[in-house]
Structures are given as structure tokens and as C-alpha cells.
Amino acid sequence: AFLAVPLTMALVGIKNLEDCPVQPMIPLYLLVGGVVGSLKVTLLLYDITKMRSLLSKSVVIDDDDDDEYPWRLNAHKYYLHIVLSLFLFIWFILGNYWVFSVYLPNFIPPFHRPSDYCEKSLYVFAVCVLGLSYTVLALLLLCTACLHVCSRRGARAED
């Protein structure tokens, strides 16, 4: 389920690589964003699975080592996640520019300028991906704000 959007982005991008001459970066945006997003999600799922495994083993074995945080062994992956996240953020900004710089292009190639169009399903999908991204970002910000307000109220109630 977590890989559905990035894999669909990659598939739509590669299928329509030549179908948007008015802005050829739109299918490339979907393709690269989908591939890198899939890599990021796959690495996150792998890390979560590995973390749960390490934590369950340390609880079962009752491991009393000096290092009570087994995930520190994979700290180098932290930098990979930062680089991938930074790339995806910059790619998202570029995608906004590429998609909205030709807002509502011709969906049928005109006779006088046959390269001045973009496949409708490709363009609508790109706009939907950006809209979904903004929706998720807004929900995350809203949840963060609610948690902040609730934690402040809880702290006041304890005083």
C-alpha cells in the first residue's frame, strides 16, 4: 500500500515519456520521483522491520549490553535517508514548477504547433499527485498542531 503511489508515478512516467512535448519534464518528474520515492519507502520499511526484529530479540534475550539502542549500529543509513528526503523535496518543488508552468495545456496537438500539447491523463495524474502531496502535508501539519496544543493543555493541567 505504501508503494502504490510511487510505483504508479514511475509507471505513468515511463509509459508517457514522449507524450508531453510542451513540458517534457513532467513525465520525467513522475518517473524519477516514483523510482526514488519507491526506494525511500522500501528502505524505510526495511529499517522498521529490522528495528522491530532487533528490539524483539533484545527483549526476549533480556540483553543487558551497554548499548541499549541497537539501531545505532545502522546510523549511516540515517544520512542516506536525509539525502533521499532532500532530493525528493527539491524534486517536489521542481515538479510544481514544471506542472504549473504549463497549467491547462492543450490536450490535443494543434495543427499549427504539434509539439504544443500534453497528454491529458498524464497531466491530470501529475496534478493529482501534487494535490495528494499537499493534502498529506496539510494533514501532518494539522496533526502536529493538535498534538502541540493537547500537550500544552496537559502540561497546564498538571501544574
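Along each chain, residues carry numbers from 1 onward, in the same order as the chain's sequence is written. In view of the model being predicted, local features appear only for residues whose pLDDT reaches at least 70, and side-chain atom pairs are presented and counted only at 80 or more, with totals across whole chains, interfaces and linings using the full set of residues. With hydrogens and water stripped out, all remaining heavy atoms of the structure feed into the side-chain values.

## Re the nonpolar core
Threshold: Nonpolar cores are built from buried Ala, Val, Leu, Ile, Met, Phe, Trp, Tyr and Cys residues. Side-chain atoms within 4.5 Å join them into one set. Here the term buried applies to any residue with accessible area under 20% of the maximum for its type, exposed to any over 50%, and partly exposed to those in between, with areas from a 1.4 Å probe on protein chains only. Every helix listed is a DSSP run of H or I at least four residues long, and every strand listed is a run of E at least two residues long, numbered separately from the N terminus.
In terms of nonpolar packing, the biggest core is built from 17 residues, with Ile 26, Tyr 29, Leu 30, Val 99, Leu 122 and Tyr 123 touching the most fellow members. Among the elements of the structure, helix H1 (4–15), helix H2 (25–61), helix H3 (75–100) and helix H4 (120–158) are those that each provide at least two residues to this core. Per-element accounting of this core gives the leading share, 5 residues, to H4.

## What about unusual backbone geometry?
Unusually for a residue other than glycine, Leu 104 sits at a positive phi of about 50°. Relative to the assigned elements, Leu 104 resides in the loop between H3 and H4. On the basis of relative accessibility, which here comes to 55%, the residue Leu 104 falls in the exposed class.

## Thoughts on H3
Note the following rule: In this analysis, the expected span of each helix is defined as 1.5 Å times one less than the number of residues it contains.
Relative to the 38 Å expected for 26 residues at 1.5 Å per residue, H3 spans 38 Å between its end C-alpha atoms, a close match to the ideal helical length. Among the residues of H3, Lys 77, His 81, Leu 84, Trp 91, Phe 92, Gly 95, Asn 96, Trp 98 and Val 99 are the ones counted as buried.

## Here's the deal with the side chain of Lys 40
Basically, it comes down to this: Should any heavy atoms of two residues lie within 4.5 Å, those residues are considered in contact.
Checked against the element boundaries, Lys 40 lands in helix H2. Lys 40 has contacts with His 81, Leu 84, Ser 85 and Leu 88, leaving out every residue within four places of it along the chain.

## A look at the UniProt feature "transmembrane region" (unreviewed entry) in the protein chain
Which entries qualify depends on this criterion: UniProt positions are given in the numbering used here, feature names are shortened, and annotations may be inferred rather than shown by experiment.
The positions that UniProt labels "transmembrane region" (unreviewed entry) are, in the present scheme, residues 26–46, 78–103 and 123–147. The distance separating the terminal C-alpha atoms of residues 26–46 is 30 Å; by composition the span is 100% helix and 0% strand. As annotated, residues 123–147 comprises 100% helix and 0% strand, and the C-alpha atoms at either end are separated by 36 Å.

## Here we look at the side chain of Asn 16
Position of Asn 16 among the secondary structure elements: in the loop between H1 and H2. The exposure class of Asn 16 is buried, given its relative accessible area of 7%.

## Points about the state of the cysteines
Inclusion rule: Any cysteine sulfur atom paired with another within 2.5 Å is treated as part of a disulfide.
Following the criterion strictly, the structure yields 1 disulfide and no others. Covalently, Cys 20 is tied to Cys 118 through a disulfide, its sulfur atoms 2.1 Å apart. Taking the torsion about the S-S bond as the criterion, the Cys 20 to Cys 118 disulfide, at about -115°, is left-handed. Of the two residues, Cys 20 is situated in the loop between H1 and H2 and Cys 118 in the loop between H3 and H4; the sequence distance between them amounts to 98 residues. Here Cys 20 and Cys 118 have matching classes, each one buried.

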